[in-house]
Amino acid sequence: MGIWRRTKHETMTNNNEQNQQTRAVDFPGGRGQSRSRQTSLDPSFESSCRHPSTSSDRTADMALSGKTAVVTGAVMGIGRAMTEVLLQNGAKVALLDVNESEGKTLMEALEKQYGQGRTLFCKADVQSEEQFKAAFEKTTETFGGIDILCNNAGILNEGLWEKTVAINLMGVIRGTYLAFEHMNKLKGGRGGVIINTASMAGLGPLPSCPVYTATKHGVVGFTRAMAANSALSGYGIRVNTLCPGFVQTELFTEIPARLAQHSHLADATVQLVEKLGTITVSEVAQHILELVTDETKNGEALLVTPAGKQYITFPSVA
Ligand SMILES: NC(=O)C1=CN([C@@H]2O[C@H](COP(=O)(O)OP(=O)(O)OC[C@H]3O[C@@H](n4cnc5c(N)ncnc54)[C@H](O)[C@@H]3O)[C@@H](O)[C@H]2O)C=CC1
Ligand SMILES: CC/C=C\C[C@H](O)C(=O)/C=C/C=C/C=C\C=C\[C@@H](O)C/C=C\CCC(=O)O
């Protein structure tokens, strides 16, 4: 059970046993940083990110300049890394999360790093139609529209399996339907793209997390169906899903407690983690850019693991 004895913020780096402190203000460093920009809000970190004084004059030529994104579960982990990728590439970002205190702190740090008027924080639980809808409306009111949605919020708790379904699957469905209302070209929208965070567990079963596996399989299936639905309907909206393997975040900690009645399988899961390795949030988030900017990407499932990235092909049933 070695892996789970590490302190809350220590994580196992892929193929090397160095402990890493993953602090609240910077992303895990480690392997693969050459493939992704190390970003940090830690002022002591020699960041490669643009500073506010240059951000505005360089934003104009960035891939996502003029675009507005909404990210759920944006305050930490993969969602926070996605937020940074979007900001680094010129987008304005609405951060949605239930963690209000951390959200406001992050907002202040992001404004210092990327300039005023580029970010908005909305306290929003993806389980709540009212809160999610209000956040969309506030975003549209603030930035003039929504072009990108990252349905990223998710939990892993087999003991609270109904909540897991409500957040991981129903929350993604709710966000997608709200985005279709705002983006639909047939309803006055300007089109757009939705990125749903599934998981490698959305492509193959994690025996110790059957409900989590079900939610992620649901996200993959729903994404592919909505992508085809939109294409056939002429809505002008693309829908793709990102399927990370094991990623070094809070969700990845205290796994035995999260497995609940399946915790007897914790060792098997540890062996799977050791077999497959782990990746950093930056190594995951960098891939949203291709899913967002490549107009040919619709209905794609992009698997990201220590071995790299792979677009999944599914058996054709018709
Ligand atoms: N960490 C991993 O190994 C992997 C994670 N994923 C998925 O990536 C997504 C992000 O996970 P992590 O960054 O690892 O998790 P995390 O626990 O580090 O961050 C999740 C964020 O979502 C927020 N959140 C939780 N419930 C919410 C709700 N009801 N409404 C709004 N925000 C809520 C939390 O406050 C937190 O800021 C999840 O969908 C997860 O299932 C997929 C594959 C691997
Ligand atoms: C315990 C789960 C830890 C983190 C959850 C995280 O959010 C996440 O989504 C991680 C998913 C990783 C899944 C990785 C592999 C899934 C593999 C399955 O397809 C097969 C499962 C077991 C096969 C055993 C083997 O040796 O291949």
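None of the values given here were measured: they were computed from a predicted structure. (Residues numbered from 1 in each chain as written. Chains lettered and ligands numbered in written order. Predicted model: local features only at pLDDT ≥ 70, side-chain atom pairs only at ≥ 80, totals over all residues. Heavy atoms only, no water.)

Looking now at the pattern of salt bridges. Summed over all chains, the structure comprises 8 salt bridges. In this structure, Lys138 and Glu141 form a salt bridge, with 3.8 Å as the shortest nitrogen-oxygen distance. Of this pair, Lys138 and Glu141 are both found in helix 5 (residues 129-143), 3 residues apart, which corresponds to roughly one turn of the helix. Here Lys138 falls in the partly exposed class, since its relative accessible area comes to 38%. The class for Glu141 is exposed, based on a relative accessible area of 63%. (Salt bridge = Lys/Arg side-chain N within 4 Å of Asp/Glu carboxyl O. Helix = DSSP H or I, 4+ residues; strand = E, 2+ residues; numbered from the N terminus. Buried < 20%, exposed > 50% of the residue type's maximum accessible area, 1.4 Å probe, protein only.)

It is worth spelling out the pairing of strand 8 (residues 237-244) at this point. Most of strand 8 sits out of view: 8 of its 8 residues are buried. Both faces of strand 8 are covered, namely the face carrying Ile237, Val239, Thr241 and Cys243 and the face carrying Arg238, Asn240, Leu242 and Pro244. The pairing of strand 7 (residues 192-197) with strand 8 spans 6 bridges and is parallel. Paired with Gly192 across the strands is Ile237, a residue of strand 8. With helix 7 (residues 210-233) bridging strand 7 and its parallel neighbour strand 8, the resulting β-α-β unit is right-handed. When strand 8 meets strand 11 (residues 301-305), the two strands line up parallel, connected through 4 bridges. (Pairing = 2+ DSSP bridges. Right-handed = clockwise from strand over helix to strand, strands pointing away.)

Our next topic: the packing of helix 6 (residues 161-183) against helix 7. Across the interface, helix 6 lies against helix 7 with an axial gap of 9 Å and an inter-helix angle of 15°. Here helix 6 lies roughly parallel to helix 7, going by the angle between them. Relative to helix 7, helix 6 is oriented so that their crossing is right-handed. Across the interface between the two elements, Trp161, Thr164, Val165, Asn168, Leu169, Val172, Ile173, Thr176, Tyr177 and Phe180 from helix 6 touch Val211, Tyr212, Thr215, Lys216, Gly218, Val219, Phe222, Met226 and Ser230 from helix 7. (Axes fitted to C-alpha atoms, helices over the stretch in contact; angles between N-to-C directions. Parallel < 35°, antiparallel > 145°, perpendicular 65-115°, else oblique. Left-handed = near helix turned anticlockwise from the far one by under 90°. Contact = heavy atoms within 4.5 Å.)

Taken together, 28 residues are adjacent to ligand 1, and Ile78, Asp97, Tyr212, Val247 and Thr249 come closest. A distance of 2.8 Å is found between an oxygen atom of ligand 1 and a backbone nitrogen or oxygen belonging to Asn152. Relative to its unbound accessible area of 840 Å², ligand 1 is 93% covered by the protein chains. Of all the secondary structure elements, the ones that give two or more residues to the shell around ligand 1 are helix 3 (77-88), helix 7 and strand 9 (246-247). Here the shell around ligand 1 is composed, by residue class, of 15 nonpolar, 9 polar and 4 charged. (Near = heavy atom within 4 Å. Polar contact = N/O pair within 3.5 Å; in protein donor to acceptor, adjacent residues only side chain to side chain. Areas by Shrake-Rupley, 256 points an atom, 1.4 Å probe, with all protein chains shown as cover. Nonpolar A, V, L, I, M, F, W, Y, C, P; charged D, E, K, R; others polar.)

Here Glu254, not a glycine, exhibits a phi torsion of approximately 50°, which is positive. Here Glu254 is to be found in the loop between strand 9 and helix 8 (255-259). Look at Glu254 and you get partly exposed, because its relative accessible area is 42%. Backbone geometry places Ala260, a non-glycine residue, at a positive phi of 50°. Inspection of the secondary structure assignment puts Ala260 in the loop between helix 8 and helix 9 (266-276). A relative accessible area of 27% means that Ala260 is categorised as partly exposed.

Coordinates in, geometry out; function isn't part of it.
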